[in-house]
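# Descriptive structure summary
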Amino acid sequence: MKEKTNKSFDFSRYYPLFFTVVFVIILFQYSFSTLEAIFYDMRVKYDIGISYNNDIILVVMDEESDEFLGETFPYTYASHYHLFERIAADRPRVVNYFVNLTEPETQSDKENLSRFKGSISSFVSGGGIFRFGTDMDSWGEQLPPKDLRSFGYSLSLINVDNAAFAKDEVTRRAILNFSGEDSLHLWTANEYRKFLGLNPISAKDFPGSYYLREADATFALFRFYTSPLEAKNKISRIPFHSVRVGNFPEGFFKDKIVLVGPSYISNTGDYVLSPFDKENFRSSKLSLHAIIIQALIQGKTVYQLPKTFTYVLCIIVAIFLSIMISWLKPTHGLLITVGVMMGSLILSYLLFVVAGVWLYVTHLVLSVFVVYYIWVPFRAIGEYQRRFAIQEETKLLKKVENLKQNFISLMSHDLKTPVAKIAGLADNMLNQRQFSNEDGEKNLKSIVDSTKELNKFITSILDLTKIESRNLTLNMVNKDINNTVESVVNNLRFEASSKNVKVETELGPLYPIQFDPNLMNRVLSNLIENAIKYSGEGSKVLVTTHDDEKWVYLTIKDNGVGIPPTDIENIFEKFYRVKNDASHSIKGTGLGLYLVKYFVELHGGTISVTSEMGQGTQFQIKLKNE
């Protein structure tokens, strides 16, 4: 029977995701309208999706015209008559009057009112379009004088967000319809659309329009094709008095929409807050009228995506970021978090300018922050636990490594003494001829050779222990390295002759350099001895030296069987031996070349090897010439 194992499900891994979703859902309970207004107004300011058309001209009544005419707002009917005569003669398409004219009080006013009325009648009968824009006060709609009402009038209120959204008194919405009647803005826009050959648009057909029962009105967010600020706008404007005296070029008003109204700097009632100016009331109402009419002509209103869509998108983003931050490195997680946040803002901007769609982005941005600030502490805790475990494991490994090194060191030292005794006794017996036959002599020689091999192995292990424990130090002296080369070669000549190998030297004149004679002796002995062992009988080993300004070069070259290419990269590795027929018959530890490389690099030098099968092998050592 197979043993059944019960694996419990680890819920702790999903705690951060659970908390993330909970906190994101809690965010949905708040509108964050003030923050969203900032994002919305930024899109409005940099809206490149609505084109600038110079279809509207403002005729402005202000302090300058008061001074020039010697009159005060709303001016005499004589001034309005002369003004309208000048405008009508230039044949505009639509004239809107945003002037709260009063009933005439004198006979002269009545006569001039009659003239003004006749001038408007002539303009309308000639195909022109005229309409009054009215405002609201505490007594209701401010109607034009009775004799002028027949020309038509419509509400032209500038709506501000004082009861909805950010409640910051900023103008973002237009009133399209009030109590079943189109506002002046929509009425004028549709009349001009007919002139342009376009179909009129009803209030309910504008993207994003909505009916509010409490106000009995239809609203829509509109897009600004230019800033309403007086100093920055692109809307053509001309002072009232300049038109009154005919000081404008011919054709200036032809086929245009002309808006006549006040814009007094001293009267804050003529100004409102806009996304371009949210503090100082510098956006004139007359400019806002023009901007709203132009937006409706182009059909540029804003459709707000349902908040449910944003909420679903927030959950998706939160889960995606949670997975990414939990899987990736902290730096990569941070980059993706910033990327998602910037991507959300860019996406909302593109939707706005391309399609006139308002994506509620505040919850997206805050969801990204929530994910990051929940997951980062959890990641930090996890990283700390892993780091602590690694530190504890490292401490344990260091203890084990120290125990291992101490054990090897003690064992090596303890082994050297009996090995030396065995070698000494064997040598004495050979020297004193204390054996009964030839086999005895042969066995004693074998004992001596084996103890020498064992002694080399123990020395290598001791060196390796010193290297790993960082206890190996250099005893540098200033010396001609050629002397060391000659000493090593002389010591190995007997071994070379016994294997029928010829060792030659070509030593160039060298300056003394700094090196450790003992370690360099072992380096050269190992390389030359290996060349003698592995090159085979009848071969030749050449040892050369030369120098330049920076380096001293020592080369050991043989013409033996060579080293296979697959082994070249590994020959300096610890305990690695080349796999060939010679390696099976020749004893070795696999530590020789590892120690050679380490000793050379300890001197600040390098060692390299080149080999070609059947042609031989060459080792080159470079030591600093200093």
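Above this text is the structure in question.
What counts and what doesn't
- Residue numbering note: each chain is counted from 1, following its sequence as written.
- It should be noted that, the model being predicted, local features are given only for residues of pLDDT at least 70 and side-chain atom pairs only at 80 or more, the latter also being counted only at that level, while totals for whole chains, interfaces and linings use all residues.
- Side-chain numbers come from the whole structure's heavy atoms, not from hydrogens or water.
- Helix numbers and strand numbers start at the N terminus; a helix is a DSSP run of H or I with at least 4 residues, a strand a run of E with at least 2.
- What a helix is expected to span follows from its residue count: subtract one and scale by 1.5 Å.
- Three exposure classes are used, based on accessible area relative to the maximum for each residue type with a 1.4 Å probe and protein chains only: buried under 20%, partly exposed in between, and exposed over 50%.
- Here, nonpolar core refers to any group of buried Ala, Val, Leu, Ile, Met, Phe, Trp, Tyr and Cys residues whose side-chain atoms link them within 4.5 Å.
- In what follows, residue pairs with any heavy atoms lying within 4.5 Å of each other are defined as contacts.
- Only the six-membered ring of Trp is used, alongside the rings of Phe and Tyr, when aromatic pairs are assigned; centres must lie within 6.5 Å, and planes under 30 degrees apart are stacked while those over 60 apart are edge-to-face, with the rest tilted.
- We count a charge as sitting over a ring when the NZ of a lysine or the CZ of an arginine lies within 6 Å of the ring centre and within 35 degrees of the ring normal.
- Note: two strands are recorded as paired if DSSP finds a minimum of 2 bridges between them.
- Note on definitions: angles span 0 to 180 degrees between N-to-C directions of axes, and those axes are lines fitted to C-alpha atoms, for helices only across the stretch in contact.
- We define a salt bridge as a side-chain nitrogen of Lys or Arg found within 4 Å of a carboxyl oxygen belonging to Asp or Glu.
- Two N or O atoms count as a polar contact when they lie within 3.5 Å, although within protein this holds only if one can serve as hydrogen donor and the other as acceptor, and sequence-adjacent residues are included solely when both atoms are side-chain atoms.
- Angles are sorted into four bins: roughly parallel if under 35 degrees, roughly antiparallel if over 145, roughly perpendicular if 65 to 115, and oblique for all others.
- Here a crossing is called left-handed whenever its near helix is offset anticlockwise from the far helix by less than a right angle, and right-handed whenever the offset is clockwise.
- Under this grouping Gly is polar, as are all residues other than the nonpolar Ala, Val, Leu, Ile, Met, Phe, Trp, Tyr, Cys and Pro and the charged Asp, Glu, Lys and Arg.

Attention now moves to helix 6 (residues 184-195). The end-to-end C-alpha distance of helix 6 is 17 Å, a good match for the 16 Å that 12 residues give at a rise of 1.5 Å each. For helix 6, a buried count of 10 out of 12 residues is recorded, marking the element as mostly surrounded by other parts of the structure. All buried positions along helix 6 are accounted for by Leu184, His185, Leu186, Trp187, Thr188, Ala189, Asn190, Glu191, Tyr192 and Arg193. Just downstream of helix 6 lies Gly197, where phi reads positive at about 85°.

The residue after Phe73, namely Pro74, is reached through a cis peptide bond having omega 10°. Tracing the chain through its elements places Pro74 in the loop between helix 3 (63-69) and helix 4 (77-89).

Attention shifts here to the nonpolar core. Within the largest apolar cluster, 46 residues are counted, with the highest numbers of intra-cluster contacts made by Leu58, Leu176, Phe222, Ile257 and Leu259. Those elements that place two or more of their residues in this core are helix 2 (33-45), strand 1 (56-61), strand 7 (173-178), helix 6, strand 10 (217-222), strand 12 (257-262), helix 8 (285-297) and helix 10 (330-355). In terms of residue count, the dominant contributor to this core is helix 8 (9 residues). Here Phe222 is in contact with Tyr40, Thr171, Arg172, Arg173, Ala174, Leu288, Ile291, Ile292, Ala295, Lys300 and Thr301, once residues within four sequence places are set aside. In this structure, Ile513, Phe515, Val543 and Ile556 belong to the second largest nonpolar core, which totals 40 residues.

Applying the stated criterion across every chain yields a total of 31 aromatic pairs. Ring plane angle 90° and centroid distance 5.0 Å describe the contact between Phe130 and Phe132, whose orientation is recorded as edge-to-face. Phe132 matches Phe130 in its accessibility class, with the two residues each being buried. Seen from their ring centres, Tyr210 and Phe219 are 5.8 Å apart, and the 25° between their planes marks the pair as stacked. When its relative accessible area of 31% is taken as the criterion, Tyr210 is described as partly exposed. Given a relative accessible area of 7%, Phe219 falls into the buried group. Within the aromatic cluster, the residues linked to one another by ring pairs are Tyr77, Phe84, Tyr97, Phe116, Phe123, Phe130, Phe132 and Phe151. Residue placement shows Arg131 over the ring face of Trp187; its charged tip is 4.3 Å from the ring centre. The ring of Phe352 carries the charged tip of Arg223 above its face, separated from the ring centre by 5.3 Å.

The mixed open sheet is built from 5 strands, whose spatial order is 18-20-21-23-22. Strands with a single pairing partner mark the edges of an open sheet, and in this sheet they are strand 18 (502-507) and strand 22 (606-612). Across this sheet, the average inter-strand angle for adjacent strands is 15°, counted without regard to direction. Against the sheet, helix 13 (residues 481-498) contacts strand 18, strand 20 (540-547), strand 21 (551-558) and strand 23 (616-624), and its axis sits at roughly 170° relative to strand 18.

Pairing between the strands of a sheet is mediated by backbone hydrogen bonds and can be parallel or antiparallel. Taken in spatial order, the 6 strands make up an open sheet running 6-3-2-12-1-11, and their pairing is parallel. Strands at the two margins of the open sheet, each flanked by one partner only, are strand 6 (153-155) and strand 11 (236-239). Looking at each pair of strands side by side, their axes are set apart by 25° on average, direction ignored. Pairing analysis gives 4 bridges linking strand 2 (residues 94-97) to strand 3 (residues 129-134), with the strands arranged parallel. Pairing of Val95 across the sheet is with Phe130, part of strand 3. With respect to the sheet, helix 5 (residues 107-125) is in contact with strand 2 and strand 3, its orientation differing from that of strand 3 by roughly 130°.

We now examine the pattern of salt bridges. Taken as a whole and assessed by the stated rule, the structure comprises 13 salt bridges. A salt bridge links Arg172 to Asp168, with the nearest nitrogen and oxygen atoms 2.8 Å apart. On the basis of relative accessible area, Asp168 is assigned to the partly exposed category, the value being 23%. Of the charged contacts, one joins Lys540 and Glu504 as a salt bridge, the two residues approaching to 3.1 Å between their closest N and O atoms.

By secondary structure assignment, the location of Thr310 is in helix 9 (residues 307-327). Beyond its immediate chain neighbours, meaning those up to four positions away, Thr310 contacts Leu359, Tyr360 and His363.

Moving on, we get to the side chain of His603. Mapped onto the fold, His603 is located in the loop between helix 17 (592-602) and strand 22. Side-chain polar atoms of His603 contact the backbone nitrogen of Asp516, separated by 2.9 Å. Looking at His603, its side chain comes within polar contact range of the main-chain oxygen of Phe599, at 2.8 Å.

This brings us to helix 8. Compared with an ideal rise of 1.5 Å per residue, which puts 13 residues at 18 Å, helix 8 spans 18 Å between its outermost C-alpha atoms and is within 8% of the ideal. Burial runs high along helix 8: 12 of the 13 residues are buried. Residues of helix 8 that are buried: Leu286, Ser287, Leu288, His289, Ala290, Ile291, Ile292, Ile293, Gln294, Ala295, Leu296 and Ile297. Positive phi shows up at Gly299, right after helix 8, with a value of about 70°.

Contact geometry for helix 9 and helix 10: axes closest at 9 Å, N-to-C directions at 160°. In terms of axis orientation, helix 9 runs roughly antiparallel to helix 10. For the element pair helix 9 and helix 10, the recorded crossing hand is right-handed. Of helix 10, the residues touching helix 9 (which contributes Val317, Phe320, Leu321, Met324 and Ile325) are Gly333, Ile336, Thr337 and Val340. Considered class by class, the residues forming the contact of helix 9 with helix 10 number 7 nonpolar, 2 polar and no charged.

To continue, consider the packing of helix 1 (residues 15-27) against helix 9. It is the contact of helix 1 with helix 9, at a shortest axis distance of 10 Å, that shows an interaxial angle of 155°. In terms of orientation, helix 1 and helix 9 fall into the roughly antiparallel class. The element helix 1 and its partner helix 9 pack so that their crossing is right-handed. For the pair formed by helix 1 and helix 9, the contact residues are Leu17, Thr20, Val21, Val24 and Ile25 on the first element and Cys314, Ile315, Ala318, Ile319 and Ser322 on the second. Considered class by class, the residues forming the contact of helix 1 with helix 9 number 8 nonpolar, 2 polar and no charged.

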